[in-house]
Amino acid sequence: MRFAVFASGNGSNFEAILKAVKRNEISAELVCLFSDKSTSYAVQRAKDNGVPYFILEKESKQTKEEYETKLVYLMKKEKVDCVVLAGYMRILGKTFLTAYPNRVINIHPSLLPNFPGKYGIKDAFDRGVKKTGITIHQVDDGIDTGPIIFQKEIETKDFKTLEELEEKIHELEHKYYPIVIEEFVRELMTE
Ligand SMILES: Nc1nc2c(c(=O)[nH]1)N[C@@H](CN(C=O)c1ccc(C(=O)N[C@@H](CCC(=O)O)C(=O)O)cc1)CN2
Ligand SMILES: NCC(=O)N[C@@H]1O[C@H](COP(=O)([O-])[O-])[C@@H](O)[C@H]1O
């Protein structure tokens, strides 16, 4: 089983996944990192760790279908079997999801369906909810609407600032995403 990680930003989840692969805690091959942003620090983390990486920046005149056709071609050329989104901030459309049906998972920093979108941690903090957490889900053609695979909740009373809450959320992500990825790839291998 061969998987790719997609990231647009800092890449701390990518690094946590890479460490789990190196410890043989994920029984699949990490083929590459993909980013839609050349400025993504996840790319630097891939370079620092000798992980192949690919970058496709979307051109302004390019349609989503044209962009994703190139992305699918690239992933299939690398023989990628499944995709792990880790802070990937582009909505995947039908072109990509048709090529990878039920083979894409995502991590989101809130207890979906609460606080979907790009700012799950801040939105929960600003609302003053008593509980928040993380969600790992299958990716479908909606936004943060795919079947939930895993959730872990925390009480927000222990975190006085947004920064403290963000740190705790990321700690949970780094702990649990590799575990769920292992379960995901093992299940695919039984298909
Ligand atoms: N088809 C899907 N693609 C993606 C999903 C998903 O659930 N279904 N999850 C996202 C990650 N994500 C939350 O977990 C998320 C990322 C970005 C946005 C967003 O609104 N982004 C853009 C729009 C970009 C675009 O049109 O492609 C924005 O900056 O406005 C919402 C949720 C990954 N992909
Ligand atoms: N809606 C998607 C979303 O908000 N994803 C979130 O982006 C962050 C990426 O951090 P990282 O680049 O350090 O892994 C993570 O907290 C992830 O849950």
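Residues numbered from 1 in each chain as written. Chains lettered and ligands numbered in written order. Predicted model: local features only at pLDDT ≥ 70, side-chain atom pairs only at ≥ 80, totals over all residues. Heavy atoms only, no water.

This next bit is on the packing of aromatic side chains. Tallied over the entire structure, the rule returns six aromatic pairs. With centroids separated by 4.9 Å and ring planes inclined at 55 degrees, the aromatic side chains of Phe6 and Phe34 adopt a geometry described as tilted. Remark: Phe34 occurs in strand β2 (residues 29-35) and Phe6 occurs in strand β1 (residues 2-6); sequence separation between them is 28 residues. Phe6 sits in the buried class, given a relative accessible area of 0%. Taken together, the ring pairs connect Phe6, Phe34, Tyr88, Phe96 and Tyr100 into an aromatic cluster. (Phe/Tyr/Trp six-rings, centres within 6.5 Å; stacked < 30°, edge-to-face > 60°. Helix = DSSP H or I, 4+ residues; strand = E, 2+ residues; numbered from the N terminus. Buried < 20%, exposed > 50% of the residue type's maximum accessible area, 1.4 Å probe, protein only.)

Attention now goes to the UniProt feature "active site" (unreviewed entry) in the protein. What UniProt calls "active site" (unreviewed entry) maps, in this numbering, to His108. In this fold, His108 is placed in strand β5 (residues 104-108). A distance of 2.8 Å separates the side chain of His108 from the backbone oxygen of Phe115, its partner in a polar contact. (UniProt positions renumbered as here; feature names shortened; annotations may be inferred. Polar contact = N/O pair within 3.5 Å; in protein donor to acceptor, adjacent residues only side chain to side chain.)

With that settled, consider the UniProt feature "site: Raises pKa of active site His" (unreviewed entry) in the protein. The sites that carry the UniProt feature "site: Raises pKa of active site His" (unreviewed entry) are, in the present numbering, Asp144. Turning to its location among the elements, Asp144 is positioned in the loop between β6 (131-138) and β7 (148-155). Residues within four places of Asp144 in sequence aside, it is in contact with Asn106, His108, Leu112, Pro116, Gly117 and His137. Reaching out from Asp144, the side chain makes a polar contact with the backbone nitrogen of Gly117 at a distance of 2.7 Å. (Contact = heavy atoms within 4.5 Å.)

All right, on to unusual backbone geometry then. For the bond running from Leu112 to Pro113, omega is 10 degrees, close enough to zero to count as cis. Counting through the fold element by element, Pro113 comes out in the loop between β5 and α5 (120-127). Its identity is not glycine, yet Lys79 carries a phi of approximately 60 degrees, on the positive side. Mapped onto the elements, Lys79 comes out in the loop between α3 (64-77) and β4 (82-85). Given a relative accessible area of 57%, Lys79 falls into the exposed group. For Asn102, which is not glycine, the phi dihedral falls at a positive 55 degrees. As for its position among the elements, Asn102 is in the loop between α4 (94-99) and β5.

Neighbouring ligand 1 are 18 residues; Ile91, Lys118, Asp140, Gly142 and Asp144 lie closest to it. At 2.7 Å from a nitrogen atom of ligand 1 is found a main-chain nitrogen or oxygen belonging to Gly142. Relative to its unbound accessible area of 700 Å², ligand 1 is 78% covered by the protein chains. Here the shell around ligand 1 is built from residues that sort into eight nonpolar, five polar and five charged. (Near = heavy atom within 4 Å. Areas by Shrake-Rupley, 256 points an atom, 1.4 Å probe, with all protein chains shown as cover. Nonpolar A, V, L, I, M, F, W, Y, C, P; charged D, E, K, R; others polar.)

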